[in-house]
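# Results of the structural survey
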Amino acid sequence: MFDCDVLVIGGGIVGLSTAYALTRAAPGTRVTVLEKEHAPARHQTGRNSGVIHSGIYYRPGSLKARFAVEGAAEMVKFCAEWGIPHEVTGKLVVATSRDELPRLHALVQRGRENGIPVRELGPAQISEYEPRVRGLAAIHVGTTGICDYTAVAQQLAEASGASILYGAEVTVIDRRPWGVAVRTADGRILRARVLVNCAGLHCDRIARLAGDD
Ligand SMILES: Cc1cc2nc3c(=O)[nH]c(=O)nc-3n(C[C@H](O)[C@H](O)[C@H](O)COP(=O)(O)OP(=O)(O)OC[C@H]3O[C@@H](n4cnc5c(N)ncnc54)[C@H](O)[C@@H]3O)c2cc1C
């Protein structure tokens, strides 16, 4: 009676990497992604700044720090493996006034505790990296990069092996003891054992459709 095992709502990077991870962790799992637009990455994923963040700002020992640091490395590996445009450029964080220096030093400490390569720079070294930048001190964060997240999303969609349905806006969610049934705006009905909500800024609406507060 099931159309698939797992239904994922949202074809941004979170939904598509969820589909990709599921099909790798449990080969044979039938995953369907429902995306209301006519292509992947039409919202936040395809309209962001394209930065691969290093994870330097997050509290050492937190899951956010761990996932950001591991995720940055995985993103570079994924781009290299699939020939997706990317570059590990590094990044400068610059203190331009004395009152910013303590915060800059705290960031050095935090970065090192998170296992990120951080180099402290004086004014002359800053202009070696960026001739047009002036500051009292700076740090160079080695693992920050840039990539094309729309291309990443397209590749995740392809490599996941999931069935991706575009133009499929979920409007009704019916929770049942056996799983879940959803209806789309154009009248399609799909049944699955499990639903994963990856609807980005609309995830609260999806949660409400599913009866959650
Ligand atoms: C301006 C800006 C700059 C950013 N810069 C960076 C950066 O440089 N580096 C970085 O790592 N992060 C950056 N981010 C954050 C990053 O872009 C987001 O965290 C990420 O894209 C979120 O992905 P997502 O899949 O959750 O959401 P989205 O990409 O928004 O995907 C959600 C999808 O769900 C779909 N959807 C919603 N409702 C339904 C429904 N009812 N039925 C079917 N489909 C539905 C939407 O159409 C959408 O495609 C930035 C964010 C913004 C806003």
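Residues numbered from 1 in each chain as written. Predicted model: local features only at pLDDT ≥ 70, side-chain atom pairs only at ≥ 80, totals over all residues. Heavy atoms only, no water.

### A closer look at the side chain of Thr144
Its location among the elements puts Thr144 in the loop between β7 (137-141) and β8 (145-147). A relative accessible area of 4% means that Thr144 is categorised as buried. (Helix = DSSP H or I, 4+ residues; strand = E, 2+ residues; numbered from the N terminus. Buried < 20%, exposed > 50% of the residue type's maximum accessible area, 1.4 Å probe, protein only.)

### So, the packing of aromatic side chains
Two numbers describe a pair of aromatic rings. These are the distance of the centres and the angle of the planes. Following the criterion strictly, the structure yields 3 aromatic pairs and no others. Centroid distance Phe2 to Trp178: 6.0 Å. Interplanar angle 65°. Geometry classified as edge-to-face. Linking Phe2 in the segment before β1 (4-9) with Trp178 in the loop between β10 (170-176) and β11 (179-184), this pair joins segments that are 176 residues apart in sequence. Taking the centre distance of 5.6 Å and the plane angle of 90° together, the rings of Tyr20 and Phe78 count as edge-to-face. In this pair, Tyr20 is assigned in helix α1 (residues 13-25) and Phe78 in helix α2 (residues 63-82), connecting sequence segments 58 residues apart. Judged by relative accessible area, which is 15%, Tyr20 ranks as buried. (Phe/Tyr/Trp six-rings, centres within 6.5 Å; stacked < 30°, edge-to-face > 60°.)

### Quick notes on the site of the ligand
Around the ligand sit 27 residues, and of these Glu35, Thr45, Asn48, Val51 and Val170 come closest. Take Val14: an N or O atom from its main chain is 3.0 Å from an oxygen atom of the ligand. Contact between the ligand and Val170: a nitrogen atom at 3.0 Å from a main-chain N or O atom of the residue. Its free accessible area being 1,000 Å², the ligand has 76% of it covered by the protein chains. For the shell around the ligand, a count of residues per class yields 11 nonpolar, 12 polar and 4 charged. (Near = heavy atom within 4 Å. Polar contact = N/O pair within 3.5 Å; in protein donor to acceptor, adjacent residues only side chain to side chain. Areas by Shrake-Rupley, 256 points an atom, 1.4 Å probe, with all protein chains shown as cover. Nonpolar A, V, L, I, M, F, W, Y, C, P; charged D, E, K, R; others polar.)

### A closer look at the sheet that holds strand β2 (residues 31-34)
The pairing of strands in a sheet happens through backbone hydrogen bonds and is either parallel or antiparallel. Reading across from one edge, β9-β2-β1-β12-β11-β10 is the order of the 6 strands in this open sheet, with mixed pairing throughout. Across the chains shown, the open sheet's two edge strands, defined by having one partner strand only, are β9 (163-165) and β10. In this sheet, neighbouring strand axes are inclined to one another by 40° on average, regardless of whether the strands run parallel or antiparallel. One ladder, built from 5 bridges, connects β1 with strand β12 (residues 189-197); its direction is parallel. From the neighbouring strand, Val8 faces β12, where its bridge partner is Val196. Sheet strands in contact with α1 are β1, β2, β9 and β12, and its direction is about 175° off that of β2. (Pairing = 2+ DSSP bridges. Axes fitted to C-alpha atoms, helices over the stretch in contact; angles between N-to-C directions. Contact = heavy atoms within 4.5 Å.)

### Re the domain arrangement of the protein
The domains assigned to the protein are domain 1 (4-48 + 150-209) and domain 2 (51-147). Computed over C-alpha atoms only, the centres of domain 1 and domain 2 are separated by 33 Å. Taken residue by residue, the interface counts 7 residues in domain 1 and 6 residues in domain 2. Taking both partners together, domain 1 and domain 2 bury about 540 Å²; carbon and sulfur atoms supply 82% of that area. When the buried area of domain 1 at its contact with domain 2 is split by residue, Tyr20, Val152 and Gln155 rank highest and sum to 67% of it. In this structure, the connection of domain 1 to domain 2 is made through 0 salt bridges. Linking domain 1 with domain 2 are 0 residue pairs in polar contact (both at pLDDT 80 or more), by the criterion used here. Contributing elements (two or more residues each) for the side of domain 1 that touches domain 2: α1 and α5 (149-160). Broken down by element, the residue count for the side of domain 1 that touches domain 2 peaks at 5 residues, all from α5. Among the residues making up the side of domain 1 that touches domain 2, the classes are represented as 6 nonpolar, 1 polar and no charged. (Domains from an automatic or database assignment. Buried area = accessible area lost by both parts, 1.4 Å probe. Salt bridge = Lys/Arg side-chain N within 4 Å of Asp/Glu carboxyl O.)

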